[in-house]
Every structure is written in C-alpha cells, then in structure tokens.
Amino acid sequence: AQTVTQSQPEMSVQEAETVTLSCTYDTSESDYYLFWYKQPPSRQMILVIRQEAYKQQNATENRFSVNFQKAAKSFSLKISDSQLGDAAMYFCAYIGWSAGKSTFGDGTTLTVKP
Amino acid sequence: EAGVAQSPRYKIIEKRQSVAFWCNPISGHATLYWYQQILGQGPKLLIQFQNNGVVDDSQLPKDRFSAERLKGVDSTLKIQPAKLEDSAVYLCASSLGGRNYNEQFFGPGTRLTVL
C-alpha cells in the first residue's frame, strides 16, 4: 500500500518570502503521479501543481514549483513571493498509474504573515 | 463547465440514524471518488469507481457504509447506522480517468455531524 507523509503540520511565512513544504511517499510502483492540492478554510480543494513520475524535469506553475527526487521518494513544494491568499492547508497526494488509486497526506497548514 | 456537485452541504443526525449523500461528477468524467475528511486530517479514500464498477473500496467500512454509482454518472454514499466517529466532511471528486487524465476535481463536500 502506498503512504504519503507530510512531516510539517504547520508552517508560516512572511508575505513576499519563500517557503518550502515537505512530502515523502512510499510505493512499490514505478509509474505514478504526484500532486499538491490547496484547501482554503471552508473552501473547495483545488489543484496547485502535478508531477508525472516519469518526467525528470520539475514541474512549475507561476510562483509554485516542486523538487521531485524519485530515488529519495521526496516531493516538496516551493512557494515563491508568498501572498496572503496562499494561506491554506496544503495536501500532497499520490495516484498510481495503473489503477489510479489515490492516497493523501495529512496536510500542512500554511500561515502567511503580512 | 459545471463543477462537481454535492448535496446536502450540511447534515446533522443522531447516532444510529441513517444518512445519504449525493454526488454529480463533471460530465464525461469516468472516475469518481468518495473521501472522508476528519477535521485536521487529510482525505481518506473510501471508494473509487471507474464508470459504474468499483476499483477500490478497501477502506470502506462495509458493515455500515455503502455506495453505488448507477449508470456510471451520479453516485450516492450511505451510512446506516451512523456512529459518532463518522462526523466528518465527505468529499466527492471526479476525473476523466485513464492514465493521462487523473487530475481530480473536488466538490464542496458534505459536512456531517453525528450527535
């Protein structure tokens, strides 16, 4: 069974600064997808960024980028130029290639200080 | 494009009562997921459908939870009888399915309180 671990229950960052959220996972599959989702308070879960395991290049979406280390089974999210609207709970998620089975971490609550 | 719809948004019941949740995925999405999210935790997959077939229900407490997806579109999740520990937000998500189309789109969730 796959597991996803987010070791930082809470993180804080100063507005305009950079913060990195950590995620490690365990799997016996060689092909899979990794995702970061954002869940603002009392609002819907939305996709931040995705990474295909077969791609060596790290994914980037505007101020969001990942550091994907397949051998180490690590998948961290970097948020640059943090904004107040980035405050939310962030979840790391794994989806296997073959059956699309999904596993989420327990989340990291990000606070952005003005 | 309409998003994933869920109803009701909130539900309060007493323990041992029954409750049902409804989900309408994005049109054309073959894969549908039901998650249980307890406060302060990540979503836990309860059941995954591919069209109207079950892909994974290994974490579904089958003695009290049931789910169906008739005609491969809408889905209902039922709890009977409810326990206090079932208090949580129940999230429905859908994706196109297939190896290159597995981004999940989430609904707003149903917040269940069991008294």
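The sections below set out a description of the structure shown in this document. (Residues numbered from 1 in each chain as written. Chains lettered and ligands numbered in written order. Predicted model: local features only at pLDDT ≥ 70, side-chain atom pairs only at ≥ 80, totals over all residues. Heavy atoms only, no water.)

Regarding the overall build of chain B
Working step 1: Scanning chain B for helices and strands turns up zero helices and 11 strands.
Working step 2: Shown N-terminal to C-terminal, the secondary structure of chain B runs as helices and strands in the order β-β-β-β-β-β-β-β-β-β-β.
Working step 3: In terms of overall size, chain B behaves like a compact globule, its C-alpha atoms giving a radius of gyration of 13 Å where 115 residues would be expected to give roughly 13 Å.
Working step 4: Summarising its shape, the C-alpha atoms of chain B cover approximately 40 × 25 × 25 Å along the three principal directions.
Working step 5: Counting only residues that meet the buried cut, chain B has 45% of its 115 residues in that class.
Working step 6: Considering only contacts in chain B between residues 6 or more positions apart, those separated by 24 or more positions represent 53%.
Working step 7: Approximately 5700 Å² of chain B is accessible, and the part contributed by carbon and sulfur atoms is 50%.
Working step 8: Each charge class in chain B was averaged separately, 13 positive and 10 negative side chains, and the resulting centres sit 4 Å apart. (Helix = DSSP H or I, 4+ residues; strand = E, 2+ residues; numbered from the N terminus. Rg over C-alpha atoms; globule rule 2.2 N^0.38 Å. Buried < 20%, exposed > 50% of the residue type's maximum accessible area, 1.4 Å probe, protein only. Contact = heavy atoms within 4.5 Å. Areas by Shrake-Rupley, 256 points an atom, 1.4 Å probe, with all protein chains shown as cover. Lys, Arg positive; Asp, Glu negative; His and termini not counted. Charge placed at Lys NZ, Arg CZ, Asp CG, Glu CD.)

A word on the overall build of chain A
Working step 1: A count of helices and strands for chain A gives zero helices and 12 strands.
Working step 2: The linear arrangement of helices and strands in chain A, starting from the amino end, is β-β-β-β-β-β-β-β-β-β-β-β.
Working step 3: By the compact-globule yardstick of 13 Å for 114 residues, chain A fits well, its C-alpha radius of gyration being 14 Å.
Working step 4: Considered along the principal axes of its C-alpha atoms, chain A spans approximately 45 × 30 × 20 Å.
Working step 5: Taken over 114 residues, chain A has a buried fraction of 48%.
Working step 6: In chain A, 55% of the contacts between residues at least 6 apart in sequence involve partners at least 24 apart.
Working step 7: In the structure as shown, chain A presents an accessible area of about 5600 Å², 44% of it carried by carbon and sulfur atoms.
Working step 8: Considering chain A, the positive charge centre built from 10 side chains and the negative charge centre built from 11 side chains are found 3 Å apart.

A closer look at the side chain of Gln6(A)
All names here are of chain A.
Working step 1: Structurally, Gln6 can be placed in the loop between strand E1 (3-5) and strand E2 (10-14).
Working step 2: Looking at Gln6, its side chain comes within polar contact range of the main-chain nitrogen of Cys92, at 3.0 Å.
Working step 3: Side-chain polar atoms of Gln6 contact the backbone nitrogen of Gly107, separated by 3.1 Å.
Working step 4: Sequence-distant contacts of Gln6, that is, excluding residues within four places in its chain, are made with Ser22, Trp36, Tyr90, Phe91, Cys92, Gly105, Asp106, Gly107 and Thr108. (Polar contact = N/O pair within 3.5 Å; in protein donor to acceptor, adjacent residues only side chain to side chain.)

Overview of the pattern of salt bridges
Residues and elements named next belong to chain A.
Working step 1: Overall, the coordinates contain six salt bridges over all chains when judged by the stated rule.
Working step 2: When the shortest N-O distance is used, the salt bridge between Asp26 and Lys73 registers 3.5 Å. Residue Asp26 is found in strand E4 (residues 24-26), and its partner Lys73 is found in the loop between strand E8 (64-69) and strand E9 (74-79); the two are separated by 47 residues along the sequence.
Working step 3: Connected through salt bridges with shared partners, the residues Arg50, Glu52 and Lys55 form a single ionic network. (Salt bridge = Lys/Arg side-chain N within 4 Å of Asp/Glu carboxyl O.)

Section: the interface of chain B and chain A
Working step 1: Tallying the contact residues gives 20 residues for chain B and 19 residues for chain A.
Working step 2: The contact between chain B and chain A buries some 1700 Å² in all, and 49% of this surface belongs to carbon and sulfur atoms.
Working step 3: At the junction of chain B and chain A, the tally comes to zero salt bridges.
Working step 4: On inspection of chain B and its partner chain A, the count reaches six residue pairs in polar contact (both at pLDDT 80 or more).
Working step 5: Among the elements of the structure, strand E4 (31-37), strand E5 (44-50) and strand E6 (53-56) of chain B are those that each provide at least two residues to the side of chain B that touches chain A.
Working step 6: Examining the composition of the side of chain B that touches chain A, we find that three residues originate from one element, E4(B), more than from any other. (Buried area = accessible area lost by both parts, 1.4 Å probe.)

Points about the sheet that holds strand E7 (residues 65-68) of chain B
Residues and elements named next belong to chain B.
Working step 1: Spatial strand order, E1-E3-E8-E7: four strands in an open sheet with antiparallel pairing. Taken across any chain shown, the strands that pair with only one partner, and hence form the sheet edges, are strand E1 (5-7) and E7. The sheet shows a mean angle of 15 degrees between the axes of neighbouring strands, taken without regard to direction.
Working step 2: Of the pairings in the sheet, the one linking E1 to strand E3 (residues 19-24) comprises three bridges and is antiparallel in character. Counterpart to Ala5 in the pairing with E3 is Asn24. (Pairing = 2+ DSSP bridges. Axes fitted to C-alpha atoms, helices over the stretch in contact; angles between N-to-C directions.)

Here's the deal with unusual backbone geometry
Working step 1: Look at the link from Ser7(B) to Pro8(B): it is a cis peptide, with omega at -10 degrees.
Working step 2: Relative to the helices and strands, Pro8(B) resides in the loop between E1 and strand E2 (10-13).
Working step 3: Backbone geometry places Asn62(A), a non-glycine residue, at a positive phi of 55 degrees.
Working step 4: With respect to the secondary-structure elements, Asn62(A) resides in the loop between strand E7 (60-61) and E8.
Working step 5: Overall, Asn62(A) belongs to the exposed group, its relative accessible area being 75%.
Working step 6: Despite not being glycine, Asn51(B) has its phi angle at roughly 55 degrees, a positive value.
Working step 7: Relative to the elements of secondary structure, Asn51(B) occurs in the loop between E5 and E6.
Working step 8: Accessibility expressed as a relative area gives 40% for Asn51(B), which makes it partly exposed.

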